[in-house]
Amino acid sequence: MHRAYQPILPSHNRLLQQKWDETYYNEHRRKVQSARSVVDTSAPQTYVHMHLKMKKLQLEEERLSTIERDNRILLEKMSFVMRTRGRVDNRNDYQNKSLNREKRQRELLRVTRENQSILNRITMREPEYNHMKWEKEWQEAEALMDNIGRYPKNWWKTIEEQRKRKNKRKSGVRSAPTGKSESMEVSDKEKPTTAEPSKAKQKKAKKNVRMSSQSKESSSEDSDSKDSKKKDTD
């Protein structure tokens, strides 16, 4: 029953309805195929004079003919000149002459003399500032600052060097092999020994700094006392 034709509208005979539907569909397809368009969509009519322009071709041929004629004439002239010396003397012995030449030369000489004199004045000028005196004064000022200062010159560099050495020692102790228990015990015993000398060195450095500052102060006081004595004697 499901394979039988199922019409859209109810009908008494399905076979007749199937034939009628097929005829109606074929007639519709034929009409669609044979239908004519209301709008003309065909290509427009082509004209020969729109594609093939004879006047343009004629002008191009005339231009090429004139170019060929001019080239032929030029070639004949060149061949004649190559065969003979020609009828034209193209030598030109004219010398350029200027009415203002002497004046411009005099002006140029004047400018060069002025520039040379300015250069001589600049090079022969002695400097107003004495750099040797500045250097000497700076050295004296540094010496006074060293005498007045509490710590010696470049004292931070010594502290940085001590810190670097301490860090290197610590890194060397940490990078030691830790494979056996005995090595661990030895390294643990050595750690306080390495720390103790570093502290002792720091203390010694501080003592040296204090001693140097005290010695500088005493030397400055001695120099002041000597100067005062000299003034008194004078």
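Refer to the preceding data block for the structure.
Just so we're clear, the structure is a prediction, and the values are computed from it rather than from any experiment.

A. Looking closely at the overall build of the protein chain. Looking only at helices and strands, one finds seven helices and zero strands in the protein chain. For the protein chain, the N- to C-terminal ordering of α and β elements is α-α-α-α-α-α-α. Out of the 234 residues belonging to the protein chain, those deemed buried represent 3%. Within the protein chain, counting contacts between residues at least 6 apart in sequence, those at least 24 apart form 40% of the total. Accessible area for the protein chain stands at about 23900 Å²; split by element, carbon and sulfur atoms hold 55% of it.

B. Quick peek at helix H5 (residues 131-148). Here H5 spans 25 Å end to end across 18 residues, near enough to the 26 Å set by a 1.5 Å rise per residue. The opening residue of H5, the one whose side-chain oxygen lies 3.2 Å from the backbone nitrogen of Met 132, is Asn 130.

C. Region of the structure containing a positive patch on the surface. The grouping of Lys 164, Arg 165, Lys 168 and Arg 169 at the surface amounts to a positive patch. Inspection of the secondary structure assignment puts Lys 164 in helix H6 (residues 155-174).

D. Fine view of the side chain of Gln 17. Among the secondary structure elements, Gln 17 is positioned in helix H1 (residues 14-33). A relative accessible area of 18% means that Gln 17 is categorised as buried. Setting aside its immediate chain neighbours within four residues, Gln 17 contacts Tyr 5, Pro 7 and Ser 11.

E. View of the pattern of salt bridges. Scanning the model with the defined rule gives seven salt bridges in all. Among the ionic pairs, Arg 110 bridges to Glu 114, the shortest N-O distance being 2.8 Å. One end of the pair, Arg 110, and the other, Glu 114, are both in helix H4 (residues 101-124), four residues apart, so they sit about a helical turn from each other. On the basis of relative accessible area, Arg 110 is assigned to the partly exposed category, the value being 33%. Of the residues examined, Glu 114 reaches a relative accessible area of 39% and is grouped as partly exposed. Sharing partners across several salt bridges, the network here consists of Glu 107, Arg 110 and Glu 114.

Rules and cut-offs
- Residues numbered from 1 in each chain as written.
- Predicted model: local features only at pLDDT ≥ 70, side-chain atom pairs only at ≥ 80, totals over all residues.
- Heavy atoms only, no water.
- Helix = DSSP H or I, 4+ residues; strand = E, 2+ residues; numbered from the N terminus.
- Buried < 20%, exposed > 50% of the residue type's maximum accessible area, 1.4 Å probe, protein only.
- Contact = heavy atoms within 4.5 Å.
- Areas by Shrake-Rupley, 256 points an atom, 1.4 Å probe, with all protein chains shown as cover.
- Expected span 1.5 Å × (residues − 1).
- Polar contact = N/O pair within 3.5 Å; in protein donor to acceptor, adjacent residues only side chain to side chain.
- Patch = residues over 30% accessible without salt bridge, like charges linked within 9 Å, V, L, I, M, F, W, Y side chains within 5 Å.
- Salt bridge = Lys/Arg side-chain N within 4 Å of Asp/Glu carboxyl O.
- Lys, Arg positive; Asp, Glu negative; His and termini not counted.
- Charge placed at Lys NZ, Arg CZ, Asp CG, Glu CD.

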